[in-house]
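Residue-level structure breakdown
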Amino acid sequence: MRITWITGDASSPSIVEYGTSPGMYTSSSHGEWTSYKYLLYSSGKINHVVIGPLRSNTVYFYRCGGQGPEFQLKTPPSQFPIAFAIVGDLGQTGWTQSTLEHINQCKYDVHLLPGDLSYADYQQHLWDSFGALVQPLASTRPWMVTEGNHEKERILFFKSGFQAYNARWKMPYEESGSTSNLYYSFEVAGVHIIMLGSYTDYDDNSDQYAWLKDDLTRVDRERTPWLIVLSHVPWYNSNSAHQGEGKSMMAAMESLLYAAGVDIFIAGHVHAYERTTRVHNGGFDPCGLMHITIGDGGNREGLAQRFYNPKPEWSVFREASFGHGELKIVNSTHAFWSWHRNDDDESVKSDEVWINSLASIGCAR
């Protein structure tokens, strides 16, 4: 597990002490640190420390920098069942807070976020306030994220983009053979998860494409019978918002994911919820991917209210409401997906479906 924290004390060491009992730290790990400047803003000392090896499904108590408050985290299980909380396009609004409270009430092991985190949009202090907002959850469970358009923060001829995101949210890209923090993969329990980058090159001559092709060949469906992909921009979208923005990436990569037998593709970007049937090449396919758009975390831009009518045949359920998703993978063959709407600040289960893994029905190759 990688622990990341930011401090204003430049002399504070990059160390995490940890153990399985409160206040009793039987192990410690040292790590690295970085910082960055963005126009007139200077970040604090951003520490990244990897702790472990850790026992699965175990609560650990830890503190950062040799002092300060004690936190606790629970490691994910090493086998089924496993539960994921999933939401994109979070931001920092009252609806965001409501979404986080609902996620905190559900029993989950890992949080997956398909892009658009803080909505800082060049205002770097908003990265700090976002960290404070999500700390109560992100300090207790692994948060695995990929980038969205609001993480770019590119200034032509001056800033290349993703500076704050890459400095603050370091993902295990090197461990998965990637050369960029914008795309990577990891495995947990019996699930192989690929986080793709919508905002770095993805055509068939790109580094990301070559990495994806190689990563897919190394998937062992005996060890990880479930294969899930996240990216920010949806490929199947019946909302007028961001219509067609995923077409070029889909043209480049859909056949790769289909051939590998990817079970579920999860995206954000569109501020609404939508779930498709299994689909490939624009139509129903029993061996195709189920696509889920869940860019409805609570961002300041509001909801995407305009869906196209009539509804495409591949679209099963769609609604413009804030909320979050829960994916409970029960075993190697079955998973339960549910979407929970934020309705009058209550979490209301509004869409649900049982999913068969493609490996269990002979589709995975």
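Before any of the text, the structure's been laid out above.
About the thresholds
Residues numbered from 1 in each chain as written. Predicted model: local features only at pLDDT ≥ 70, side-chain atom pairs only at ≥ 80, totals over all residues. Heavy atoms only, no water. Patch = residues over 30% accessible without salt bridge, like charges linked within 9 Å, V, L, I, M, F, W, Y side chains within 5 Å. Areas by Shrake-Rupley, 256 points an atom, 1.4 Å probe, with all protein chains shown as cover. Salt bridge = Lys/Arg side-chain N within 4 Å of Asp/Glu carboxyl O. Helix = DSSP H or I, 4+ residues; strand = E, 2+ residues; numbered from the N terminus. Polar contact = N/O pair within 3.5 Å; in protein donor to acceptor, adjacent residues only side chain to side chain. Contact = heavy atoms within 4.5 Å. Pairing = 2+ DSSP bridges. Axes fitted to C-alpha atoms, helices over the stretch in contact; angles between N-to-C directions. Buried < 20%, exposed > 50% of the residue type's maximum accessible area, 1.4 Å probe, protein only. Disulfide = S-S within 2.5 Å. Core = buried A, V, L, I, M, F, W, Y, C linked by side-chain atoms within 4.5 Å.

Description of a nonpolar patch on the surface
Where nonpolar side chains cluster on the molecular surface, the patch consists of L39, L40 and F158 and spans about 410 Å² of accessible area. Tracing the backbone shows L40 in the loop between β5 (37-38) and β6 (41-42).

Topic: the side chain of K159
If you trace the backbone, K159 turns up in the loop between β12 (143-145) and α3 (163-168). A polar contact of 3.0 Å, which involves the side chain of K159, links it to the side chain of Q163. Excluding anything up to four places from it in sequence, K159 contacts K37, Y38, L39, E153 and R154.

Focus: the sheet that holds strand β1 (residues 2-7)
Reading across the sheet, the three strands line up as β1-β7-β4 and stay open at both edges, with antiparallel pairing between neighbours. Where the open sheet ends on each side, the last strands, each with one partner, are β1 and β4 (32-34). On average, adjacent strands in this sheet sit at an angle of 20 degrees to one another, irrespective of strand direction. Sheet analysis places β1 next to strand β7 (residues 45-50), joined by six bridges and oriented antiparallel. Bridge pairing links I3 to V49 in β7.

A closer look at the pattern of salt bridges
Enumeration over the complete set of coordinates arrives at 15 salt bridges. Across the pair R223 and D220 runs a salt bridge, and its minimum N-O distance is 3.8 Å. On the basis of relative accessible area, R223 is assigned to the partly exposed category, the value being 46%. Overall, the relative accessible area of 30% leaves D220 in the partly exposed class. When the shortest N-O distance is used, the salt bridge between R275 and D351 registers 2.8 Å. Of this pair, R275 sits in strand β17 (residues 273-280) while D351 sits in strand β23 (residues 346-356), and the two are 76 residues apart along the sequence. The residues R275 and D351 share a single accessibility class, namely buried.

Digging into the state of the cysteines
Every disulfide links exactly two cysteines, by a covalent bond between their sulfur atoms. All chains considered together, the criterion is met by one disulfide. The disulfide bridge from C287 ends at C363, spanning 2.0 Å between sulfur atoms. Between C287 and C363, the S-S torsion sits near -60 degrees, and that sign places the bridge as left-handed. Residue C287 is located in the loop between β18 (283-284) and β19 (289-294), and its partner C363 is located in the segment after β23; the two are separated by 76 residues in the primary sequence. With respect to burial, C287 and C363 carry one shared label: buried.

Focus: the nonpolar core
Counting residues in hydrophobic clusters, the biggest one holds 87 residues, and the most contacted among them are F84, W169, I193, L327 and W337. Considering every element that reaches this core, the biggest residue donor is helix α5 (residues 247-260), with seven residues. In this structure, F84 is in contact with Y108, V110, L112, V188, V191, I193, G325, E326, L327 and I329, ignoring residues within four places of it in sequence.

A short note on the sheet that holds strand β2 (residues 15-19)
A sheet is described by the order of its strands in space; here four strands give the open sequence β3-β2-β8-β9, paired in antiparallel fashion. Each having just a single partner strand, β3 (27-30) and β9 (71-74) make up the two edges of the open sheet. Each adjacent strand pair in this sheet contributes to an overall mean axis angle of 30 degrees, direction not counted. Summarising the sheet, β2 and β3 pair through four bridges and their orientation is antiparallel. The residue of β3 that forms the bridge with Y18 is S27.

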